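# Coordinate inspection notes
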Amino acid sequence: MIPPAPRFRTSLPPIDRPRFEALLAGVNQFGHDPDTGGHNRPSYGEADMAARAWLVRTMDEAGLAARMDAAGNVIGRWGPSHGPCVVAGSHLDTVPDGGPLDGTLGVCAALEVVLGLRAAGWRPQLAIEIIATAEEEGRFGGMLGSQAVTATIDPAWLAAAADTHGRTLTDTLTAAGLPPQRLGDAARPAGDVLAFVELHIEQGPVLEHLDVPIGVADGISGVCELELTLTGEANHSGTTPMSLRADAFAGLAAFATAIEPMLAAHGTNESRLTIGRVVLEPGFAHTVPGVARASLVLRDPDAEVMRALRQACERVLGDVCRPRRLAHQIVERSWLDPVRLDPALADRIAAHAAKLGIGYHRMCSGAGHDAQIFQRLCPSGLIFVPSTGGVSHAPHEHTSGAHLEAGVRMLQAVLVDLARCTAA
Ligand SMILES: [Zn+2]
């Protein structure tokens, strides 16, 4: 970890709002759909690659020695051309019909901070690199850019990954001019990156609800996806008395109503249990459902709590199925451990908020972010600004101008500290 700067700076240069908004608009000219108002930059597609080329040009013209690495990450650098650096940024790709901020905010904020400090005559002792990561949103599974930088790509996943249209990741990379066999070139050696800081929209309602402009993430929830199958007997809805049914949906409904007490007994404030998809078979209005299939996604920042909830789900599902003469099965589709971000860096970020007089809330992120992957390489921090109405991944995703400015000022203060910037 980088030692603290000799003292806090109190006279940081102001954020240039028009320049910052021009950067956001510059990225968002690519993939914008005027009909929906949404942004479509699926990773490595035409719009995504055009946005990356635009960013390389923009940073190059600003003298930031921009390049695209082997994974499609765009990287600009300010300060010493050799030696370790501090990295700030986020991702440029979007979900289908995504919003204008999401990852774009963190990239443009990092660039605005660097341009502002440089214009005001500041100099960093450690280089600051601005990164726009690739394939964060999950067209092929997600976090590929940051996994390439941290050398943590699973080769089996890389070989098998495909999007929902069956297009493989390796073909897509090749078509984008990024040969998959070169992905290893994007890896950064240990000690090369001293810290990573990401500014992102919260994508949830907590900060708005608390009326606080800044969130400081301590970690990112783990995610476990389960597939539940309840099997009874399909039968005529008129001739089969209620007492003689083996109704698979009745079992699932009983399980769903047990979720809240289960969370109260075994979960925390950060726990989430979600049934997001239900399929009934045969799926006919006049037939008692013989089979109910449901997805169940479990999240918590603590792996022990996740395990306790998973066990409780199995127990409760058994309890509701037995008296209804239903067979049941739980299959684990995926398990992602929670990630704890660097506690010292989170404290340091919070200290900057206090110093700037900006209200903040320590929290856990319910969504995945590049910062959790960078934490494998270096101390990593994640700063949130509120999402209006808690909305994200939608065209009307929005954060107020005042909150955006608070976020950029936070990133500026943290980068000045970590890169030991000094005024001329
Ligand atoms: Zn994002």
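Residues numbered from 1 in each chain as written. Predicted model: local features only at pLDDT ≥ 70, side-chain atom pairs only at ≥ 80, totals over all residues. Heavy atoms only, no water.

### Some points on the overall build of the chain
To keep it simple, the criterion reads: Each helix corresponds to a stretch of at least 4 residues labelled H or I by DSSP, and each strand to a stretch of at least 2 residues labelled E; elements are numbered beginning at the N terminus. The globule rule used for comparison is 2.2 Å times the number of residues to the exponent 0.38, while the radius of gyration itself is calculated over C-alpha atoms. Three exposure classes are used, based on accessible area relative to the maximum for each residue type with a 1.4 Å probe and protein chains only: buried under 20%, partly exposed in between, and exposed over 50%. Here, two residues are considered to be in contact whenever any of their heavy atoms come within 4.5 Å of each other. Methods summary: accessible areas were calculated by the Shrake-Rupley approach with a probe of 1.4 Å, and residue burial reflects only the protein chains presented. His residues and chain termini do not enter the charge count, which takes Lys and Arg as positive and Asp and Glu as negative. All charge positions are set by atom: Lys at NZ, Arg at CZ, Asp at CG, Glu at CD.
Secondary structure assignment for the chain yields 13 helices and 18 strands. Computed over the C-alpha atoms, the radius of gyration of the chain is 24 Å, within 12% of the 22 Å expected from 2.2 N^0.38 for a compact globule of 424 residues. If you line up the chain on its principal axes, its C-alpha atoms span 85 × 45 × 40 Å. In the chain, which comprises 424 residues, the proportion classed as buried is 54%. Counting only contacts in the chain whose residues sit at least 6 apart along the sequence, the fraction spanning at least 24 positions is 79%. Per element, the accessible surface of the chain, about 17800 Å² overall, is 54% carbon and sulfur. A gap of 5 Å separates the mean positions of the 34 positive and 47 negative side-chain charges of the chain.

### A few points about the coordination of the zinc ion
To keep it simple, the criterion reads: Note on donors: an N, O or S atom is included if it sits within 2.8 Å of the metal, or within 3.2 Å for Na, K and Ca, and water is never included, so sites can look incomplete.
For the zinc ion, the full set of protein donor atoms is His91 (NE2), Asp102 (OD) and His200 (NE2), at a range of 1.9 to 2.1 Å. A residue is classified by how much of its surface remains accessible, and histidine 91, at 0% relative accessible area, is buried.

### Brief notes about the packing of helix H1 (residues 17-28) against helix H2 (residues 46-61)
For any two helices packed against each other, one specifies the inter-axial angle together with the distance between the axes. Using the following cut-off: Convention adopted: a line fitted to C-alpha atoms gives each axis, helices being fitted over their contacting stretch, and angles between N-to-C directions are expressed from 0 to 180 degrees. Put simply, Ala, Val, Leu, Ile, Met, Phe, Trp, Tyr, Cys and Pro go in the nonpolar bin, Asp, Glu, Lys and Arg in the charged bin, and everything else, Gly too, in the polar bin.
Following both chains from N to C, one finds H1 and H2 inclined at 145°, their axes separated by 9 Å at the closest point. In contact with Leu23, Gly26 and Val27 of H1, H2 contributes Ala51, Trp54 and Thr58. Its residues placed into classes, the contact of H1 with H2 shows four nonpolar, two polar and no charged.

### Focus: the domain arrangement of the chain
The line we're drawing: What counts as a domain boundary in this text is fixed by an automatic or database domain assignment. Accessible area, probed at 1.4 Å, shrinks when two parts are joined; the buried area is that loss added up over both.
By domain assignment, the chain separates into domain 1 (17-220 + 338-422) and domain 2 (222-336). If you average the C-alpha positions of domain 1 and of domain 2, the two centres end up 37 Å apart. With four residues of domain 1 at the contact, the number on the domain 2 side is nine residues. Taken together, the two surfaces of domain 1 and domain 2 that pack against each other cover about 450 Å², and 59% of this comes from carbon and sulfur. Three residues stand out in domain 1 for area buried against domain 2, namely Pro338, Cys364 and Gly366, and they jointly supply 83% of the buried area on that side.

### Describing the pairing of strand E7 (residues 214-220)
Going by this rule: Strand pairing is assigned whenever DSSP detects at least two bridges linking the two strands.
Of all seven residues making up E7, six are buried, and the element is well covered by its neighbours. One ladder, built from six bridges, connects E7 with strand E16 (residues 360-365); its direction is parallel. If you follow glycine 215 over to E16, its bridge partner there is histidine 361. Direction of pairing for E7 relative to strand E17 (residues 380-385): antiparallel, over a ladder of two bridges. Across the sheet, valine 216 pairs through a bridge with isoleucine 383, a residue of E17. Bridge count for E7 against strand E15 (residues 339-340) is two bridges, and the pairing is antiparallel. Bridge pairing in E15 places glycine 219 opposite arginine 340.

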